[in-house]
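# Remarks on the overall topology
Chain by chain, the residues run as shown.
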Amino acid sequence: MIGERRAAASRPPMGWNSWDCFGSSVTEAEVLANAEYVAEHLLAFGWDTIVVDIQWYEPDPGAHDYREVSRPLLDAWGRPLPAPGRFPSAADGSFQPLADRVHELGLRFGVHLMRGVPRAAADAALPVSGHPDATCDSIADRSNVCVWNPDNYGVDMTAPGAQEYYDSVMAQLAAWGVDFVKLDDVLYPPVETAEITAISRAIDRSGRAMVLSLSPGKRLSLAHLETLREHGQMWRISDDFWDDWAHVVEQFQRAARWAPFQRRGAWADADMLPFGRIGVRGHVGEDRLSRLSVDEQRTVMTLWSMMRSPLMMGGHLPDTPPETLALLRNPGVLALRDGEESREIVRDGHLVIWSARVGAREYRAVFWLGDDEQELVVHLADLGLGLGLGLGLGDVGTAGSCTDVWSGTSVEVADGRVTLTVPAHGTRLLVFG
């Protein structure tokens, strides 16, 4: 892997993705409305990537589910092209005009891509660019298909022309100015190691440092860690995450498992943030404001930030409530992108506590997963904040204070402990030092 790809994701990537609000039918106007919002309201806080999700090559993708038969727009080599009815600037068959407009806003441009070769390209036996004898049919593995999307066949990586096909696809994305590729149907299981490797190699050969994000992460095992680190800058650790408290609770165990293995340029990804207005034309649920309460959203932001997950906002940003926007713009929380030693240190019933360090500052997140507000007494010794940390607290029996990162208010430390009121399904994020 070329070093520039790791450097492009030296911190967990942050941005917006069209899936939660527009499913497979997002339009250019909607992409640009969200890009302009990011540039105006979020770029200064580190949010800088705009991702067009699935089926941008389908002229008529359907509003709330996939068509039974995929009818993609393809070039002569079987590579997907943006549908100009939805992306008018792509009338010449290129995403470059849209990428240029996103870049002019100071942002990075990303696209979703399904693993494999389009079924329509294989059925038509279109030639493979870069190999004189191969066709999209001869490289297709018709026995290895996505179980939930009709677009593609898998690629048989032992077939002549297979690598050349992926080389040609990534070369085209690079020529358009793509900075970020969300590659789907590679971690479902089984992990499609051969195709992940081929696509990573193709990105390197393209000459453009495109960040590779792998999805969707269902039942993903740590046994694949080295492969994921070698080829991807991000990889999902769950199936799609939605605005359901049960999804949040389940994500805690995944976050705890993967957090100790985070490192620069290679990030376990807890999935998108289903905040704000979602389901406008989505595949799950109706047009709605997130069903997660503000306290629950704060819990998600805290957990994702403590584990140093990438942050991809899923809601239609121009309709974002002010209380949700505030969650995305808290500098103390976002500073955790530079954290170290992030890990879960307590799990007991509804109580979960995480620790992390940013420079000389110690962060502790106290989560309460129960259904009622709870008053908790938390001892500094149980937080690992005893002698010799240089936090101005001296012995754990000495009085002092820390700061609640979300509110910015001081929290008293007395007799080596803090007393906290934690909302139902909520959190208190404390910083010492």
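These figures come from a predicted structure and were not determined experimentally.

### Some details on the overall build of the protein chain
A count of helical and extended segments in the protein chain gives 13 helices and 21 strands. Projected onto its principal axes, the C-alpha positions of the protein chain cover 75 × 40 × 35 Å. Buried positions account for 58% of the 433 residues belonging to the protein chain. Within the protein chain, contacts between residues separated by at least 24 positions form 72% of all contacts whose residues are at least 6 apart in sequence. Positive and negative side-chain charges in the protein chain, numbering 39 and 60 respectively, have mean positions lying 3 Å apart.

### Examining the nonpolar core
By size, the foremost hydrophobic cluster in this structure holds 122 residues, and its most contacted members are Trp-47, Trp-235 and Trp-354. Considering every element that reaches this core, the biggest residue donor is helix 7 (residues 162-176), with 8 residues. Look past the residues within four positions of Trp-235 in its chain and what remains in contact with it is Leu-187, Leu-214, Leu-220, Leu-225, Leu-228, Arg-229, Trp-258, Ala-266, Trp-267, Ala-268 and Asp-269. Core analysis: the second largest hydrophobic core is formed by 17 residues, Trp-368, Leu-380, Val-411 and Val-418 among them.

### With respect to helix 11 (residues 294-306)
A rise of 1.5 Å per residue sets the reference length of helix 11, with its 13 residues, at 18 Å; its end C-alpha atoms lie 18 Å apart and thus fit the reference within 8%. Where burial is concerned, most of helix 11 is hidden: 11 out of the 13 residues are buried. If you check which residues of helix 11 are buried, you get Glu-296, Gln-297, Arg-298, Thr-299, Val-300, Met-301, Thr-302, Leu-303, Trp-304, Ser-305 and Met-306. Following helix 11 by one or two positions, Arg-308 adopts a phi angle in the positive range, close to 60 degrees.

### Notes on the packing of helix 7 against helix 8 (residues 193-206)
Helix 8 packs onto helix 7 with a crossing angle of 50 degrees between their chain directions and a minimal axis gap of 8 Å. In terms of axis orientation, helix 7 runs oblique to helix 8. Between helix 7 and helix 8 the crossing geometry is right-handed. Every residue of helix 8 that contacts helix 7 at Gln-163, Tyr-166, Asp-167, Met-170, Ala-171 and Ala-174 is listed here: Glu-195, Ala-198, Ile-199, Arg-201, Ala-202, Ile-203, Arg-205 and Ser-206. Per-class residue counts for the contact of helix 7 with helix 8 are 8 nonpolar, 2 polar and 4 charged.

### Overview of the layout of surface pockets
Reported here for the largest pocket is a volume of approximately 260 Å³. Forming the walls of the largest pocket are 16 residues, and the residues nearest its centre are Trp-19, Tyr-66, Trp-148, Asp-239 and Asp-240. For the lining of the largest pocket, the per-class residue count stands at 7 nonpolar, 2 polar and 7 charged.

### A word on the sheet that holds strand 1 (residues 14-17)
A sheet is described by the order of its strands in space; here 8 strands give the open sequence 10-9-8-7-3-2-1-13, paired in parallel fashion. Only two strands of the sheet have a single neighbouring strand rather than two, namely strand 10 (267-269) and strand 13 (311-313). Each strand axis lies, on average, 25 degrees off the axis of its neighbour in the sheet, ignoring direction. Both strand 2 (residues 49-52) and strand 3 (residues 108-114) contribute to a ladder of 4 bridges, which runs parallel.

### So, the sheet that holds strand 14 (residues 340-348)
Taken in spatial order, the 6 strands line up as 14-15-16-21-18-19 in an open sheet, and their pairing is antiparallel. Two strands bound the open sheet, and with one partner strand each, they are strand 14 and strand 19 (410-413). Between one strand and the next, the sheet's axes are offset by a mean angle of 25 degrees, whatever the strand orientation. Sheet analysis places strand 14 next to strand 15 (residues 351-358), joined by 6 bridges and oriented antiparallel. Bridge pairing in strand 15 links Arg-343 to Ser-355. Helix-sheet contacts for helix 11 involve strand 14, strand 15, strand 16 (361-368) and strand 21 (426-432), and the interaxial angle to strand 21 is about 45 degrees.

### Observations concerning the pattern of salt bridges
The tally for this structure, following the rule as stated, stands at 30 salt bridges. Between Arg-229 and Glu-226 there is a salt bridge; the shortest N-O distance is 3.3 Å. On the criterion of helical spacing, the pair formed by Arg-229 and Glu-226 is a turn pair, its members being 3 residues apart in helix 9 (residues 225-231). Salt-bridge contacts for Arg-254 lead to Glu-250; the nearest nitrogen and oxygen are separated by 4.0 Å. Placement of both Arg-254 and Glu-250 in helix 10 (residues 245-258) is noted, with a separation of 4 residues, approximately one turn of the helix. Several salt bridges converge on common partners, so that one network encompasses Arg-115, Asp-185, Glu-192 and Glu-195.

Cut-offs used in this document
Residues numbered from 1 in each chain as written. Predicted model: local features only at pLDDT ≥ 70, side-chain atom pairs only at ≥ 80, totals over all residues. Heavy atoms only, no water. Helix = DSSP H or I, 4+ residues; strand = E, 2+ residues; numbered from the N terminus. Buried < 20%, exposed > 50% of the residue type's maximum accessible area, 1.4 Å probe, protein only. Contact = heavy atoms within 4.5 Å. Lys, Arg positive; Asp, Glu negative; His and termini not counted. Charge placed at Lys NZ, Arg CZ, Asp CG, Glu CD. Core = buried A, V, L, I, M, F, W, Y, C linked by side-chain atoms within 4.5 Å. Expected span 1.5 Å × (residues − 1). Axes fitted to C-alpha atoms, helices over the stretch in contact; angles between N-to-C directions. Parallel < 35°, antiparallel > 145°, perpendicular 65-115°, else oblique. Left-handed = near helix turned anticlockwise from the far one by under 90°. Nonpolar A, V, L, I, M, F, W, Y, C, P; charged D, E, K, R; others polar. 1 Å grid on protein atoms, 1.4 Å probe; cavity = no way out; pocket = protein on both sides within 12 Å on 5 of 7 lines; lining within 4 Å. Points joined across faces, edges and corners; volume = space filled by probe spheres on them. Pairing = 2+ DSSP bridges. Salt bridge = Lys/Arg side-chain N within 4 Å of Asp/Glu carboxyl O.

Don't take any of this as a statement about function, it's just geometry.
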